[in-house]
Amino acid sequence: MFFPHPVIEQLTPPQVEVWEKHFAGDRHERPRSVEEGIWRRTQEPANAEQSGWSKDTHGRRRIVHYNLRYGLNYVFPEPRLTLDNLYLMVSHLAPAGEIADYRCDLETWLAEGRWRQLPQGGWQKGDLVLQLAEFDEHPQDLRAGRPTPDGFRSLEVVFTSDGHELHRTVRNLPWDVLAGGMRVKERRGNPTIAPDLAGLLETGPFMVEVGCGTSIEAGIPPLHFLHEVYRVTQRRSNEFTQSHAFTLSPAADSLVQEMVLGADLKAPDLVAMFRACFLAEPTYAHRALKALSDAGLLVGPVLTHNFDVLSARQACPSCSCAATTRRSHR
């Protein structure tokens, strides 16, 4: 895999304008040219159904952290949207025997994928560098005072584009999420279901929070698409109400294998979400929000956890509550 990696081969002048106005620079509420996500999966009594926790079987952990940085590339006559830098970290805490087996598998994949071992440590293929670290006790666990279960070890695999260094505070983000404990799901109250929206005129001005429906309507994949890309769960269907088992066993984790044996083949999945967000157009719902805003019925910006920038592109003031990172801690 080589960088910059093309995401959209040729941009039109209006698309360049969209990039410069809505994605480039640091004048927004978050760095919109960066796509970042964290998934932390642990075994706890509260998630026993998905994690396989029991009194006799517990202590596994898998953390995935990615940070993808995009930009415009003018090497060719027409500008391209490119993935300029990549960071992907996968960390496993599991029984020592499973870690040893996984380490052997990884070395086999590196040989099969024809990665070159570097004198200073690590492996390289094209512009992609892989670093591997194995611990009796992970340094972050030692720092936080988290005990490692008896007979367990940690193995951490980090992929980076050659020469790319992520700031320590960013690399520490998944461990900050881990220290925060499990996310507690909110319970739905007793809302009044309105038959239509006419009643809004009687309650304004008001604030609006936008969920994922507007993004999906615009053709952006739902969040579970990323769960599949980064192998967060063992998802086998598209049923929204179905619980899916966590990917916790190193042997069940195919993400690293996919990257080692075919990063170029995996790359379209890695950039698919950002590409979809960039190509999406505001929908009727966004235009309606703009009309409400112009009519003075909205107080403050539109609040959202979406990262598609569609409200802002409709010239409707918005504030993303997602900051720079999609975080999931269960």
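Residues numbered from 1 in each chain as written. Predicted model: local features only at pLDDT ≥ 70, side-chain atom pairs only at ≥ 80, totals over all residues. Heavy atoms only, no water.

Draft legend 1. Representation of the overall build of the protein chain in the model. Scanning the protein chain from N- to C-terminus turns up 12 helices and 12 strands. Radius of gyration (C-alpha) of the protein chain: 22 Å, near the 20 Å computed for a compact globule of 330 residues. The principal-axis extents of the C-alpha atoms in the protein chain amount to approximately 65 × 55 × 35 Å. A sequence separation of at least 24 residues applies to 74% of the contacts in the protein chain between residues at least 6 apart. Surface accessibility of the protein chain: about 17100 Å² in total, with carbon and sulfur atoms responsible for 52%. Across the protein chain, the mean location of the 36 positive side-chain charges is 2 Å away from that of the 41 negative side-chain charges. (Helix = DSSP H or I, 4+ residues; strand = E, 2+ residues; numbered from the N terminus. Rg over C-alpha atoms; globule rule 2.2 N^0.38 Å. Contact = heavy atoms within 4.5 Å. Areas by Shrake-Rupley, 256 points an atom, 1.4 Å probe, with all protein chains shown as cover. Lys, Arg positive; Asp, Glu negative; His and termini not counted. Charge placed at Lys NZ, Arg CZ, Asp CG, Glu CD.)

Draft legend 2. Highlighting the packing of helix H3 (residues 96-112) against helix H10 (residues 255-279). Between H3 and H10, whose axes approach to 8 Å, the crossing angle comes to 20°. As summarised for this structure, H3 and H10 are arranged roughly parallel, according to the angle between their axes. The chirality of how H3 crosses H10 is right-handed. Residue-level inspection shows Tyr102, Leu106, Trp109, Leu110 and Glu112 of H3 in contact with H10, the latter providing Val256, Gln257, Val260 and Leu261. By residue class, the composition of the contact of H3 with H10 is seven nonpolar, one polar and one charged. (Axes fitted to C-alpha atoms, helices over the stretch in contact; angles between N-to-C directions. Parallel < 35°, antiparallel > 145°, perpendicular 65-115°, else oblique. Left-handed = near helix turned anticlockwise from the far one by under 90°. Nonpolar A, V, L, I, M, F, W, Y, C, P; charged D, E, K, R; others polar.)

Draft legend 3. Main features of the pattern of salt bridges. Taken as a whole, this structure holds 13 salt bridges when the rule is applied. Here Arg231 makes a salt bridge to Glu258, at a shortest N to O gap of 2.8 Å. Placement of Arg231 in the loop between helix H9 (224-229) and H10 and of Glu258 in helix H10 is noted, with a sequence separation of 27 residues between them. The salt bridge involving Lys290 is made with Asp294; its shortest N-O contact spans 3.1 Å. Placement of both Lys290 and Asp294 in helix H11 (residues 284-294) is noted, with a separation of four residues, approximately one turn of the helix. Here Lys290 falls in the partly exposed class, since its relative accessible area comes to 22%. Assessed through its relative accessible area of 54%, Asp294 is described here as exposed. Residues joined by salt bridges that share partners form a network here, namely Arg103, Glu107, Glu134, Asp136 and Arg153. (Salt bridge = Lys/Arg side-chain N within 4 Å of Asp/Glu carboxyl O. Buried < 20%, exposed > 50% of the residue type's maximum accessible area, 1.4 Å probe, protein only.)

Draft legend 4. Up close: the pairing of strand E7 (residues 128-135). Across three bridges, strand E6 (residues 123-125) lies against E7 in antiparallel orientation. In the sheet register, Lys125 faces E7, and the bridge partner there is Leu128. Between E6 and E7, which follow one another and run antiparallel, lie two residues, and Gly126 among them has a positive phi close to 60°. Where E7 lies against strand E8 (residues 152-161), eight bridges are found, and the strand directions are antiparallel. The partner of Ala133 across the bridge, within E8, is Glu156. (Pairing = 2+ DSSP bridges.)

Structural measurements only, silent on function.
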